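# Coordinate analysis (summary)
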Amino acid sequence: MSSDDLAFSSLTVKSRPSVRIALLGGFDLVVDNIPVTVPVGSKRLLALIALNYRASVPRELIAGSLWAEASEQRAYTNLRAALSRLRGLGRQALDVSPREVRLAREVTVDLYHARSLAQRILDPHVPAEGLDLNTATVDQLSADLLPGWYDEWALLEADRWRQLRLHALEKLAGELIDAEQFAGAVTAAHAAVQADPLRESSQVSLIRAHLAEGNLAEALDHFERYARRLRNELGLRPTQRLNRLVAEIRQLPPGSGSFLQ
């Protein structure tokens with residue numbers, strides 16, 4: 001009997017364990033705070049099901065998505081093998097029926113907590129003071145979804161998450177500026193820039209955060225580096241909006257303090 005099976009036996013004597021799947025920053029399966037080793041094929045299966053969260057996924061869709069280049073018979077064989085390797089603790093993450101697979105009811109997935117947070121930040125009907133915004137909020141929005149995974153289904157979901165969290169980080173930076181939490185605003189804007197260095201709206205968020213702190217030189221230095229990178233990599237120039245913002249900075253007298261006051 002494997003160590004996972006032994007741990008599972010001891011857990012079932014007590015109560016049904018809590019199961020957590022992490023997709024942000026990389027894949028992890030954690031059962032009652034115990035990291036569980038998962039074979040590669042089973043890991044891909046768990047990730048695909050986790051991305052569908054509470055929805056049941058037909059077996060034919062799972063097989064076709066995970067083993068798209070294999071024959072139908074081979075894809076179903078691979079699926080059965082991936083399920084059979086999820087023994088003990090790993091099997092607790094799924095409810096399996098003859099026709100479909102879904103996440104077990106008690107399983108939590110970090111992506112959906114982070115996605116809910118991002119949607120609340122972007123919701124115009126949710127007041128900023130009700131969000132308890134801080135640098136810990138930034139951490140939840142800073143990780144890529146399944147980095148290094150190149151399956152088409154994973155890439156599509158990763159891009160959806162990237163777009164959502166970029167908008168949320170930019171909005172968060174603005175809310176933190178308004179709350180005069182300038183360090184948090186810079187951190188949020190930096191996270192957005194790191195996710196997409198050529199995205200101008202993120203660059204504007206970071207420049208505004210520097211300006212709110214009164215760091216005019218840092219704002220100008222960041223603009224110059226961005227302009228060079230944009231020119232070198234894409235042959236483009238910053239938009240008129242960003243150029244106007246920088247022109248206004250350069251007209252400020254020395255020691256004028258925060259540009260956004």
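See the structure printed just above.
The present account deals with the structure reproduced in this document.

Conventions and cut-offs
Residues numbered from 1 in each chain as written. Predicted model: local features only at pLDDT ≥ 70, side-chain atom pairs only at ≥ 80, totals over all residues. Heavy atoms only, no water. Pairing = 2+ DSSP bridges. Helix = DSSP H or I, 4+ residues; strand = E, 2+ residues; numbered from the N terminus. Contact = heavy atoms within 4.5 Å. Axes fitted to C-alpha atoms, helices over the stretch in contact; angles between N-to-C directions. Core = buried A, V, L, I, M, F, W, Y, C linked by side-chain atoms within 4.5 Å. Buried < 20%, exposed > 50% of the residue type's maximum accessible area, 1.4 Å probe, protein only. Left-handed = near helix turned anticlockwise from the far one by under 90°. Nonpolar A, V, L, I, M, F, W, Y, C, P; charged D, E, K, R; others polar. Salt bridge = Lys/Arg side-chain N within 4 Å of Asp/Glu carboxyl O.

## Concerning the sheet that holds strand β6 (residues 100-103)
- Strand order across the open sheet formed by three strands is β4-β6-β5, with antiparallel pairing between neighbours. Each end of this open sheet is capped by a strand with a single partner; those strands are β4 (57-58) and β5 (94-96).
- Looking at chain direction, β4 and β6 are connected through two bridges and run antiparallel. Note on β6: the bridge partner recorded for P58 is E100.
- Lying on the sheet, helix α2 (residues 40-51) is in contact with β4, β5 and β6; it crosses β6 at an angle near 75°.

## Things to note about the nonpolar core
- Counting 68 residues, the largest nonpolar core has I21, L23, F27, L29 and L45 as the members making the most contacts within it.
- Discounting chain neighbours no more than four positions away, the residues touching L23 are A47, A50, L51, V109, D110, L111, D144, L145 and L146.
- F223, A227, L242 and V246 belong to the second-largest nonpolar core, a separate cluster that totals 13 residues.

## Here's the deal with the packing of helix α10 (residues 216-234) against helix α11 (residues 240-250)
- For the pair α10 and α11, the least separation of the axes is 11 Å and the interaxial angle reads 145°. Viewed along their axes, α10 and α11 form a crossing whose handedness is left-handed. Every residue of α11 that contacts α10 at L216, A219, L220, F223, E224 and Y226 is listed here: L242, N243, V246, I249 and R250.
- Residues belonging to the contact of α10 with α11 are distributed by class as follows: eight nonpolar, one polar and two charged.

## Notes on the pattern of salt bridges
- Taken as a whole and assessed by the stated rule, the structure comprises eleven salt bridges.
- Put simply, R44 and D151 hold a salt bridge, and the shortest N to O gap is 2.7 Å. Separated by 107 residues along the polypeptide, R44 in helix α2 and D151 in the loop between α6 (135-140) and α7 (152-178) bring together distant segments of the chain.
- Between D159 and R162 there is a salt bridge whose closest N-O contact spans 3.2 Å. With D159 and R162 both in helix α7 and three residues apart, the pair spans about one turn of that helix.
- The exposure class assigned to D159 is partly exposed, which follows from its relative accessible area of 38%.
- Exposure remark for R162: the relative accessible area of 22% places this residue in the partly exposed category.
- Within this structure, R115, E157 and R160 form a network of salt bridges that share partners.

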